[in-house]
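One-letter residues, chain by chain:
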Amino acid sequence: MNKAGKYLPWGIAGLAIWWLVYRSLAPVAAWLTYSLLGMTPGSHLAVAVEFFVFESPKVLMLLTLIVFGVGIIRSFFTPERTRRILSGKSEFAGNVLAALLGIVTPFCSCSAVPLFIGFVTTGVPLGVTFSFLVSSPMVNEVALVLLFGLFGWKVAAIYMGMGLVIAIVSGWIMGRLRMEKHVEDWVYETKLGDAGPEEVPDWPERIRLGLDAVKDIVGRVWLYVLIGIGVGAGIHGYVPENFMASIMGKGAWWSVPLAVLIGVPMYSNAAGIIPIVQALLGKGAALGTVLAFMMAVIALSLPEAIILRKVLKPRLLAVFFGVVAIGIMAVGYLFNIMM
Amino acid sequence: MLKIQILGTGCPKCKTLMANTEAAAKALGIEAQIEKVEKIQDIMKFGVMTTPALVVDGQVKSAGKVLNVDEIKKHLT
């Protein structure tokens, strides 16, 4: 804790500077648009330009701060530790815990197979493992920050809530279905070796991990974010509202299943899908439909099916995709009805 | 001679770790036998759940991270 204290003043100073810059983005964007570029207030172009020069740095700053923070939090949660926590947990509580740990445990879909084997061979129930596998890619900090920055905290909170419910319930159902025998036989015969004691990182190391996360994630997604905001700016200034309302609005009952069916095979990270979300929402598509589409794209994909096929027999794989897809449809509908 | 193993199922990150490890061994002038472990059953024997992982003389040095050349050097000396 002493060591952490050494970094505290720096952290506070950094946050203060961050906050000052963040607060001045709106006036600077207005000044740029109307004074420097001399645009006419109220014109379509001016509205679009102001939107873009305000939103881009805003979202990138939010992203940087949160990714850094989550990077540090993640240094406390290794997959090995999560496995130990979940091992031998009872079903429902285990599903809840797995969905929550999915948010903070560092995990990349390329490690899905070793992680799956590591979990199920050391006493983590199959359904609980599925809860983790659903929540981990779907409910992540990049998705939440982008939704918060572009559509407000309510949309971000709804997405997070919906994601957790889907992860918990679909994992629980998978557990109830007792499909252990549909896991490839060799999986349970695999012995998880002992990796030896884990190195516990010190604070300089944790901060470095946070910075690495920023470099890696922000470096990968900034372009998508700018495209997303650009699309948003274009819609903001020009496209007539309710353009999509007839196809993807609340009135079209088939829009939710269709959005999910299109989204399931597609593969994209949270950032890549944001431009599309921006465009659909801006044109009057219903929020539940759009979030269902986004979840289907992020949580399930053809590449993931191919990876998981190594450890799951076809029937279990199909049931897994089916249960999660139906769960996404259900919350999409529910949400459209409630709003 | 040092025995270095890179665990990973062939994702791009694993290839980067392999290249960095080769560079690190070369920079240190260490004679090392570097091999890839790609079979999932063999990877699991090391108790590793996240790839890529670096194993030196049978000991897991890191998992789930692409170490840079300097970080690998520390594990080799």
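Residues numbered from 1 in each chain as written. Chains lettered and ligands numbered in written order. Predicted model: local features only at pLDDT ≥ 70, side-chain atom pairs only at ≥ 80, totals over all residues. Heavy atoms only, no water.

1. Some remarks on the nonpolar core
Across soluble globular proteins, you tend to see nonpolar side chains buried next to one another.
Reasoning step 1: Of all hydrophobic cores here, the largest spans 100 residues; its most connected members are Phe116(A), Phe130(A), Tyr159(A), Met294(A) and Phe320(A).
Reasoning step 2: Those residues in contact with Phe130(A) that lie beyond four places of it in its chain are Phe116(A), Gly171(A), Met174(A), Leu312(A), Leu316(A) and Phe320(A).
Reasoning step 3: By size, the runner-up hydrophobic cluster in this structure holds 12 residues, among which are Ile4(B), Met18(B), Ala24(B) and Leu67(B). (Core = buried A, V, L, I, M, F, W, Y, C linked by side-chain atoms within 4.5 Å. Buried < 20%, exposed > 50% of the residue type's maximum accessible area, 1.4 Å probe, protein only. Contact = heavy atoms within 4.5 Å.)

2. Focus on the pattern of salt bridges
Reasoning step 1: Under the definition given, this model contains 13 salt bridges over all chains.
Reasoning step 2: Measuring nitrogen to oxygen at the nearest pair gives 3.4 Å for the salt bridge that ties Lys313(A) to Asp185(A). Of the two residues, Lys313(A) sits in the loop between α16 (302-308) and α17 (314-338) while Asp185(A) sits in helix α10 (residues 185-189), which places them 128 residues apart along the sequence.
Reasoning step 3: Assessed through its relative accessible area of 23%, Lys313(A) is described here as partly exposed.
Reasoning step 4: By sharing partners, the salt bridges in this structure join Glu205(A), Arg208(A), Asp212(A), Lys215(A) and Glu71(B) into a single network. (Salt bridge = Lys/Arg side-chain N within 4 Å of Asp/Glu carboxyl O. Helix = DSSP H or I, 4+ residues; strand = E, 2+ residues; numbered from the N terminus.)

3. Some remarks on the packing of aromatic side chains
Residues and elements named next belong to chain A.
Reasoning step 1: Summed over the entire model, instances satisfying the criterion amount to seven aromatic pairs over all chains.
Reasoning step 2: Look at Trp19 and Tyr22: their rings are 6.1 Å apart centre to centre, the planes differ by 25°, and that puts the pair in the stacked class. Here the residue Trp19 and the residue Tyr22 both occupy positions in helix α1 (residues 2-23), the gap between them amounting to three residues, near one helical turn.
Reasoning step 3: What makes Trp19 partly exposed here is its relative accessible area of 44%.
Reasoning step 4: Taking the centre distance of 4.6 Å and the plane angle of 35° together, the rings of Phe130 and Phe320 count as tilted. One end of the pair, Phe130, is in helix α7 (residues 126-138); the other, Phe320, is in helix α17, with 190 residues separating them in the sequence. (Phe/Tyr/Trp six-rings, centres within 6.5 Å; stacked < 30°, edge-to-face > 60°.)

4. Points about unusual backbone geometry
Reasoning step 1: Between Thr51(B) and the following residue, Pro52(B), the backbone shows a cis peptide bond with an omega angle of -5°.
Reasoning step 2: Relative to the helices and strands, Pro52(B) is located in the loop between α2 (40-45) and β3 (53-56).
Reasoning step 3: Positive phi, close to 50°, is recorded for Arg178(A), a residue that is not glycine.
Reasoning step 4: Tracing the backbone through its elements, the reader meets Arg178(A) in the loop between α9 (153-176) and α10.
Reasoning step 5: In this structure Arg178(A) comes out as partly exposed when scored by relative accessible area, which is 45%.
Reasoning step 6: The phi dihedral of Asp57(B) falls on the positive side, at around 50°, and the residue is not glycine.
Reasoning step 7: You can see Asp57(B) is positioned in the loop between β3 and β4 (59-63).

5. Remarks on the environment of Lys310(A)
Reasoning step 1: Take Lys310(A): it is sitting in the loop between α16 and α17.
Reasoning step 2: Setting aside chain neighbours within four positions, we find Lys310(A) in contact with Val113(A), Glu184(A) and Trp186(A).

6. Considerations on the pairing of strand β2 (residues 32-37) of chain B
Residue and element names in this part refer to chain B.
Reasoning step 1: By the bridge criterion, six bridges tie strand β1 (residues 2-7) to β2 in an arrangement that is parallel. Bridge pairing links Ile6 to Lys36 in β2.
Reasoning step 2: For the crossover from β1 across helix α1 (residues 12-28) to β2, the handedness is right-handed. (Pairing = 2+ DSSP bridges. Right-handed = clockwise from strand over helix to strand, strands pointing away.)

7. Notes on the interface of chain B and chain A
Reasoning step 1: Between chain B and chain A, the contact holds 18 residues from the first and 23 residues from the second.
Reasoning step 2: Both sides of the chain B and chain A interface together cover about 1600 Å² of buried area, and 62% of this is carbon and sulfur.
Reasoning step 3: Among the residues of chain B in contact with chain A, Ile40(B), Met44(B) and Met49(B) are the three that bury the most area, contributing 41% of the side total.
Reasoning step 4: Here chain B is connected to chain A by one salt bridge.
Reasoning step 5: The salt bridge involving Glu71(B) is made with Arg208(A); its shortest N-O contact spans 2.7 Å.
Reasoning step 6: Taken together, the links from chain B to chain A amount to one residue pair in polar contact (both at pLDDT 80 or more).
Reasoning step 7: Elements supplying a minimum of two residues to the side of chain B that touches chain A: α2, β4 and α3 (69-76) of chain B.
Reasoning step 8: Per-element tally for the side of chain B that touches chain A: the top contributor is α2(B), with four residues. (Buried area = accessible area lost by both parts, 1.4 Å probe. Polar contact = N/O pair within 3.5 Å; in protein donor to acceptor, adjacent residues only side chain to side chain.)

8. Some details on helix α4 (residues 79-86) of chain A
Residue and element names in this part refer to chain A.
Reasoning step 1: Those residues of α4 not exposed but buried are Pro79, Glu80, Thr82, Arg83 and Leu86. Seen end-on, α4 carries its buried residues on one side only, within an arc spanning 160°.
Reasoning step 2: Contacts from the buried residues of α4 go to α5 (91-104), α6 (112-120) and α7. (Arc of directions from axis to C-beta.)

9. A closer look at a nonpolar patch on the surface
Residues and elements named next belong to chain A.
Reasoning step 1: Taken together, the side chains of Phe92, Val165, Val169, Trp172, Ile173 and Leu177 make up a nonpolar region of the molecular surface, amounting to roughly 500 Å² of accessible area.
Reasoning step 2: If you tally residues by element for the nonpolar patch, the top one is α9, at four residues.
Reasoning step 3: Here Ile173 is to be found in helix α9.
Reasoning step 4: The exposure class of Ile173 is partly exposed, given its relative accessible area of 31%. (Patch = residues over 30% accessible without salt bridge, like charges linked within 9 Å, V, L, I, M, F, W, Y side chains within 5 Å. Areas by Shrake-Rupley, 256 points an atom, 1.4 Å probe, with all protein chains shown as cover.)

10. Regarding the pairing of β4(B)
In regular strands, side chains alternate between the two faces of the sheet.
Residue and element names in this part refer to chain B.
Reasoning step 1: In this structure, β3 lies alongside β4, joined through four bridges in antiparallel fashion. Its bridge partner lying in β4, Ala53 is registered against Ala63.
Reasoning step 2: What sits between β3 and β4 in their antiparallel hairpin is a turn of two residues, with Asp57 showing a positive phi close to 50°.

11. Digging into the side chain of Gln278(A)
Reasoning step 1: Tracing the backbone through its elements, the reader meets Gln278(A) in helix α14 (residues 270-282).
Reasoning step 2: Apart from the residues within four sequence positions on either side, Gln278(A) is in contact with Leu150(A), Phe151(A), Gly228(A), Gly232(A) and Ile235(A).

Keep in mind that these numbers describe shape and distance, not what the molecule does.
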